Amino acid sequence: MPEEFDELQELILGDARKIYSETVIDHAMAPSNFGKMEGADGLASIRGPCGDTMEIWLRVGEDTITEVRFMTDGCGTTIASGSMVTELRKGKSLEEAQRIGQQDVLDALGGLPLESE
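In this text, all values refer to a predicted model and were calculated from it rather than measured experimentally.

(A) Local environment of the overall build of the chain. Secondary structure summary: the chain contains 5 helices and 3 strands in total. Order of helices (α) and strands (β) in the chain, N terminus to C terminus: α-α-β-β-β-α-α-α. Its C-alpha atoms give the chain principal-axis dimensions of roughly 50 × 30 × 25 Å. Evaluated residue by residue, the chain yields a buried proportion of 26% over its 117 residues. When contacts within the chain are restricted to residue pairs at least 6 apart in sequence, those whose partners lie at least 24 apart make up 48%.

As structure tokens, then:
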């Protein structure tokens, strides 16, 4: 049966590649920095328009983000976005990290489809 699962996965990924970039698929299937952080210096939580939630933890040393992690109960695109946000902010100063916006994340992911699609 493993061959059947491999074939099914390839079919699903083939369909996903028609909609999402390889970067989105990679981050959704193997997210970076996923999981809670004990002893964080900061925590933010947000609820998205579709009801999913995301929490992001930061550890800061000398005004630089030394570690960043996230958790979400959202879909694959939310997971990919959280993963990319953490990658973009890691190693940045707090000031630099604050300047990273939604478009920066979308650009780094290679875009996302509009919600109506």
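Still more to cover.
(B) Local environment of the packing of aromatic side chains. Scanning the model with the defined rule gives 1 aromatic pair in all. Where Phe 34 meets Phe 70, the ring centres are 5.1 Å apart and the plane angle is 80 degrees; that geometry is what we call edge-to-face. Of this pair, Phe 34 sits in the loop between helix H2 (22-29) and strand S1 (42-47) while Phe 70 sits in strand S3 (residues 64-72), placing them 36 residues apart in sequence.

(C) How the structure looks around the side chain of Ser 81. Relative to the assigned elements, Ser 81 resides in helix H3 (residues 76-89). Ser 81 sits in the buried class, given a relative accessible area of 18%.

(D) How the structure looks around unusual backbone geometry. Positive phi, normally seen in glycine, also occurs at Asn 33, with a value near 60 degrees. Summarising the element assignment, Asn 33 is placed in the loop between H2 and S1. With a phi angle near 50 degrees, Glu 62 is a residue other than glycine that sits in the positive phi range.

(E) The nonpolar core, seen in detail. Among the nonpolar cores identified, the biggest contains 6 residues, and these are Val 24, Ala 80, Met 84, Val 85, Val 105 and Leu 109. Elements with a minimum of two residues in this core: H3 and helix H5 (102-109). Of all the elements, H3 adds the most residues to this core, at 3 residues. Among all residues touching Val 105, those that are not within four sequence positions of it are Ser 81, Met 84, Val 85 and Leu 88.

(F) Layout of the sheet that holds S1. Taken in spatial order, the 3 strands of this open sheet run S1-S2-S3, and their pairing is antiparallel. Each edge of the open sheet is held by one strand with a lone partner, namely S1 and S3. Ignoring which end each strand starts from, the neighbouring axes of this sheet average 20 degrees apart. Bridge count between strand S2 (residues 53-61) and S3: 8 bridges; the pairing is antiparallel. Following the sheet pairing, Ile 56 is matched in S3 by Phe 70. Of the strands in this sheet, S2 and S3 are in contact with H3, which crosses S3 at around 175 degrees.

What counts as what
- Residues numbered from 1 in each chain as written.
- Predicted model: local features only at pLDDT ≥ 70, side-chain atom pairs only at ≥ 80, totals over all residues.
- Heavy atoms only, no water.
- Helix = DSSP H or I, 4+ residues; strand = E, 2+ residues; numbered from the N terminus.
- Buried < 20%, exposed > 50% of the residue type's maximum accessible area, 1.4 Å probe, protein only.
- Contact = heavy atoms within 4.5 Å.
- Phe/Tyr/Trp six-rings, centres within 6.5 Å; stacked < 30°, edge-to-face > 60°.
- Core = buried A, V, L, I, M, F, W, Y, C linked by side-chain atoms within 4.5 Å.
- Pairing = 2+ DSSP bridges.
- Axes fitted to C-alpha atoms, helices over the stretch in contact; angles between N-to-C directions.

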